[in-house]
Amino acid sequence: MGAMAVASGGPGASDAPDASGAAAPAAAQRLARAVTEVLAPAIWAAVLPVVVAVHAAGWAAGLAWGALATSFSAVIPYAVVWFGVRRGHLTDHHIGRREQRRTPLLLGLVSVAVGLFVLVATGAPDQLTALVVVGFVVGLGVTVANQYWKLSVHGAVAASSVTILVMTFGPVLLAGALLVALTGWSRIALRHHTAAQVLAGTAAGIALAAITFGLLT
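Residues numbered from 1 in each chain as written. Predicted model: local features only at pLDDT ≥ 70, side-chain atom pairs only at ≥ 80, totals over all residues. Heavy atoms only, no water.

Novice: Run through the overall build of the protein chain, naming residues and quoting values.
Specialist: Each helix and strand counted, the protein chain has nine helices and zero strands in total. Counted from the first residue to the last, the protein chain has its helices and strands arranged as α-α-α-α-α-α-α-α-α. Just so you have it, the protein chain exposes about 9600 Å², and 74% of that area is on carbon and sulfur atoms. (Helix = DSSP H or I, 4+ residues; strand = E, 2+ residues; numbered from the N terminus. Areas by Shrake-Rupley, 256 points an atom, 1.4 Å probe, with all protein chains shown as cover.)

Next comes the structure, spelled out in structure tokens:
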């Protein structure tokens, strides 16, 4: 899920936070900022491989497989972003400027592809491999979309992650939809995305995850 861990339409106003409407009250802004950080793509990309791996292979082996997958899906991609921010090439770790997203997203995809090769070569559990494929597919989708429109990566990652959890553990985890909704609200409240950008990202994440994970498992 590396490209998804990297970042959260067209040129001009679409590249900046949504300027329409009034800003949320200060308390709501603080809550939205906390939600955006806690439910950031990098967090999903770090935690989900461990959860799926433990479910598929048990605690001991699962933790090892999960750590291996996370290194390629979250650690390396986020290190790319951190380095970019430190060097001044990126404005922030959520890469709020659409035109800055191409390189880190592509490097994230490369990291996921390498990780996928390593997992397949070393006999990783099928569900974990399928998860990493989903990460690549969703990452590719948002990378292409962000060349033209600032589709919400936060929305796509949260939605695809909850979709995989539901398909893995059953409908009880449909309650995770609340986290997806909360994530979308935070992006809109912070005026980092429009409602359309959040809804499009959410829909893309659900569709790509459901189709890809379903076909592979």
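After that view, the rundown keeps rolling.
Novice: I'd like to hear about unusual backbone geometry, residue by residue, with values.
Specialist: At Arg191, a position not held by glycine, the phi torsion is positive, near 60 degrees. Positionally, Arg191 belongs in the loop between α8 (177–189) and α9 (195–216).

Novice: Got a sec to walk through the side chain of Thr168? Specific residues and values, please.
Specialist: Within the secondary structure layout, Thr168 lies in helix α7 (residues 153–169). Its relative accessible area of 12% is what places Thr168 among the buried residues. Sequence-distant contacts of Thr168, defined by excluding residues within four places in its chain, comprise His55, Gln127 and Phe213. (Buried < 20%, exposed > 50% of the residue type's maximum accessible area, 1.4 Å probe, protein only. Contact = heavy atoms within 4.5 Å.)

Novice: Can you tell me about the pattern of salt bridges, naming the residues and giving the values?
Specialist: What the rule picks out here adds up to one salt bridge. A salt bridge links Glu99 to Arg97, with the shortest nitrogen-to-oxygen separation between them at 3.1 Å. Overall, Arg97 belongs to the partly exposed group, its relative accessible area being 31%. (Salt bridge = Lys/Arg side-chain N within 4 Å of Asp/Glu carboxyl O.)

Novice: Mind laying out helix α5 (residues 102–121), listing which residues take part and the relevant values?
Specialist: Structural remark: α-helix, 3.6 residues per turn; residues separated by three or four positions point the same way. In this model, α5 (20 residues) spans 29 Å end to end at C-alpha, consistent with the 28 Å of a helix rising 1.5 Å per residue. Restricting attention to buried positions, one finds in α5 the residues Pro104, Leu105, Gly108, Leu109, Ser111, Val112, Gly115 and Leu119. Projected down its long axis, α5 carries its buried residues within an arc of 165 degrees, all on one side. The exposed set on the far side of α5, more than 90 degrees from its buried face, consists of Thr103, Val110, Phe117, Val120 and Ala121. (Expected span 1.5 Å × (residues − 1). Arc of directions from axis to C-beta.)

Novice: An account of the nonpolar core is requested, with residue identities and associated values reported.
Specialist: Counting residues in hydrophobic clusters, the biggest one holds 32 residues, and the most contacted among them are Trp44, Leu119, Leu128, Leu131 and Ile164. Looking at this core, the elements with two or more residues in it are α3 (41–57), α4 (59–86), α5, α6 (126–145), α7 and α9. Here this core takes nine residues from α7, the largest share from any one element. (Core = buried A, V, L, I, M, F, W, Y, C linked by side-chain atoms within 4.5 Å.)

Novice: Hey, could you go over the packing of α6 against α7 for me, with residue numbers and the actual values?
Specialist: The geometry of α6 relative to α7 is characterised by a closest axis approach of 11 Å and an angle of 155 degrees between their N-to-C directions. For the element pair α6 / α7, the angle class is roughly antiparallel. For α6 against α7, the interelement crossing comes out right-handed. Of α7, the residues touching α6 (which contributes Gln127, Leu131, Val134, Val138 and Val142) are Val153, Ala156, Ser160, Ile164 and Thr168. Residue composition of the contact of α6 with α7, by class: seven nonpolar, three polar and no charged. (Axes fitted to C-alpha atoms, helices over the stretch in contact; angles between N-to-C directions. Parallel < 35°, antiparallel > 145°, perpendicular 65-115°, else oblique. Left-handed = near helix turned anticlockwise from the far one by under 90°. Nonpolar A, V, L, I, M, F, W, Y, C, P; charged D, E, K, R; others polar.)

Novice: Give a description of the environment of Val153 that names residues and reports values.
Specialist: Relative to the assigned elements, Val153 resides in helix α7. Take Val153: its relative accessible area is 0%, and that puts it in the buried class. In the structure, Val153 is positioned 47 residues away from Ala200 in sequence and 9.7 Å away in space, judged by C-alpha atoms.

Novice: Account for a nonpolar patch on the surface, naming residues and giving values.
Specialist: Where nonpolar side chains cluster on the molecular surface, the patch consists of Ile43, Val47, Val51, Phe169, Val172 and Leu173 and spans about 470 Å² of accessible area. The element that contributes the greatest number of residues to the nonpolar patch is α3, accounting for three residues. Following the sequence through the fold, Val172 ends up in the loop between α7 and α8. On the accessibility criterion, Val172 (63% relative accessible area) is exposed. (Patch = residues over 30% accessible without salt bridge, like charges linked within 9 Å, V, L, I, M, F, W, Y side chains within 5 Å.)

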